[in-house]
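Letter by letter, the chains look like this.
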Amino acid sequence: INLLAMAPVKLPFAILNAFSTALHGGNPAAIILTPPEENAALTDDQCLSIARNLNQPMQMFITPRGDDPGTFGVRWYTQVRENKLCGHATLAATGMLFGQEQNSALFVPGADKATTISFNGVVNSLSGTKVEDGKVQIALAAAKIDELNREDPRAVKLRAAVAAACGADVVVSYLGVGTGPYAAYCLVELDVEDLGAVNVNYTALVRRISRLSSDNC
């Protein structure tokens with residue numbers, strides 16, 4: 001990545017698919033390694049510009065802490081805003097850091113030998129751990145969910161979003177809203193036998209959900 005609006009700097013990055021071993025599968029994320037000095041100089045607008053250019057579902061900026069090779073500062077960005085949390089990008093970053101060799105531009109000394117990596121975001125902190133068979137797992141704080149009253153304006157908008165994306169015949173059985181650091185998230189449970197078989201209009205879903213941001217959903 002070349003940033004022309006500031007002193008020339010190159011940031012190594014990788015585009016990885018979580019939950020898959022196939023290039024065309026899983027959930028992709030761009031992982032950008034930002035040394036501390038470059039990270040300190042990056043503005044929100046520049047991070048968003050990078051995110052729009054990489055154009056993945058999530059962009060995760062990771063910054064090693066010099067005094068602890070197993071600890072990283074992190075920020076997550078979509079193409080439109082900074083997110084407080086992203087699980088699949090953190091999972092991808094964990095696997096990447098554990099698997100880099102010394103000649104790689106994404107190699108962080110000490111991270112390859114660690115068994116657990118800590119990712120400290122602006123609000124949330126997560127950890128990634130090596131498990132058996134070369135796999136990795138992540139851990140994050142449990143969220144407390146409060147059920148939304150059916151007549152709550154957020155519930156009304158969420159049901160409308162589901163209807164627009166999945167069809168009016170899909171029944172919503174539960175709506176909840178997160179609290180604390182998860183206040184920007186909502187939980188929607190559908191009354192269907194096979195969730196994978198639901199035909200989702202993602203464009204309609206994103207359009208509707210984006211209108212809920214002011215309601216913390």
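Residues numbered from 1 in each chain as written. Predicted model: local features only at pLDDT ≥ 70, side-chain atom pairs only at ≥ 80, totals over all residues. Heavy atoms only, no water.

What follows covers the packing of aromatic side chains. Summed over all chains, the structure comprises three aromatic pairs. Plain terms: the ring middles of Phe-61 and Tyr-77 are 5.7 Å apart, the flat faces sit at 85 degrees to each other, and that makes the pair edge-to-face. Taken together, the positions of Phe-61 in strand E3 (residues 59-65) and Tyr-77 in strand E4 (residues 68-77) put the pair 16 residues apart, joining distant regions of the chain. Of the two residues, Phe-61 and Tyr-77, neither departs from the other in class, the shared state being buried. (Phe/Tyr/Trp six-rings, centres within 6.5 Å; stacked < 30°, edge-to-face > 60°. Helix = DSSP H or I, 4+ residues; strand = E, 2+ residues; numbered from the N terminus. Buried < 20%, exposed > 50% of the residue type's maximum accessible area, 1.4 Å probe, protein only.)

Quick look at the confidence of the model for the protein now. Taken as a whole, the protein shows an average pLDDT of 88; of its residues, 92% reach a score of 70 or greater. The spread of mean pLDDT over the elements of the protein runs between helix H5 (residues 202-210), the lowest at 79, and strand E2 (residues 27-33), the highest at 96. (pLDDT = per-residue confidence, 0-100.)

Right, let's talk about the environment of Asn-199 for a bit. Residue position: Asn-199 is located in the loop between strand E11 (186-190) and H5. Given a relative accessible area of 68%, Asn-199 falls into the exposed group. When the C-alpha atoms of Asn-199 and Ala-165 are compared, they prove to be 8.2 Å apart, with 34 residues separating the residues in sequence. Once residues within four sequence positions are removed from consideration, Asn-199 is found in contact with Ala-165 and Cys-166. (Contact = heavy atoms within 4.5 Å.)

It is worth spelling out the sheet that holds E11 at this point. As summarised here, the arrangement of the three strands in space is E9-E10-E11, forming an open sheet in which the pairing is antiparallel. Taken across any chain shown, the strands that pair with only one partner, and hence form the sheet edges, are strand E9 (145-147) and E11. Each neighbouring strand pair of the sheet contributes to a mean axis angle of 30 degrees, computed without reference to strand direction. When strand E10 (residues 172-178) meets E11, the two strands line up antiparallel, connected through five bridges. Bridge pairing in E11 places Gly-176 opposite Leu-187. (Pairing = 2+ DSSP bridges. Axes fitted to C-alpha atoms, helices over the stretch in contact; angles between N-to-C directions.)

Let's shift gears to the pattern of salt bridges. With the rule as written, the count across this model stands at five salt bridges. Because the salt bridges share partners, they merge into one network encompassing Asp-44, Arg-75 and Glu-82. (Salt bridge = Lys/Arg side-chain N within 4 Å of Asp/Glu carboxyl O.)

What follows deals with unusual backbone geometry. Positive phi values are uncommon outside glycine, yet Asn-55 reaches one of about 60 degrees. Relative to the helices and strands, Asn-55 resides in the loop between helix H2 (44-54) and E3. A positive phi is found at Asp-133, a non-glycine position, where the angle reads about 60 degrees. Along the chain, Asp-133 falls in the loop between strand E7 (125-130) and strand E8 (136-140). Owing to a relative accessible area of 70%, Asp-133 belongs among the exposed residues under this scheme.

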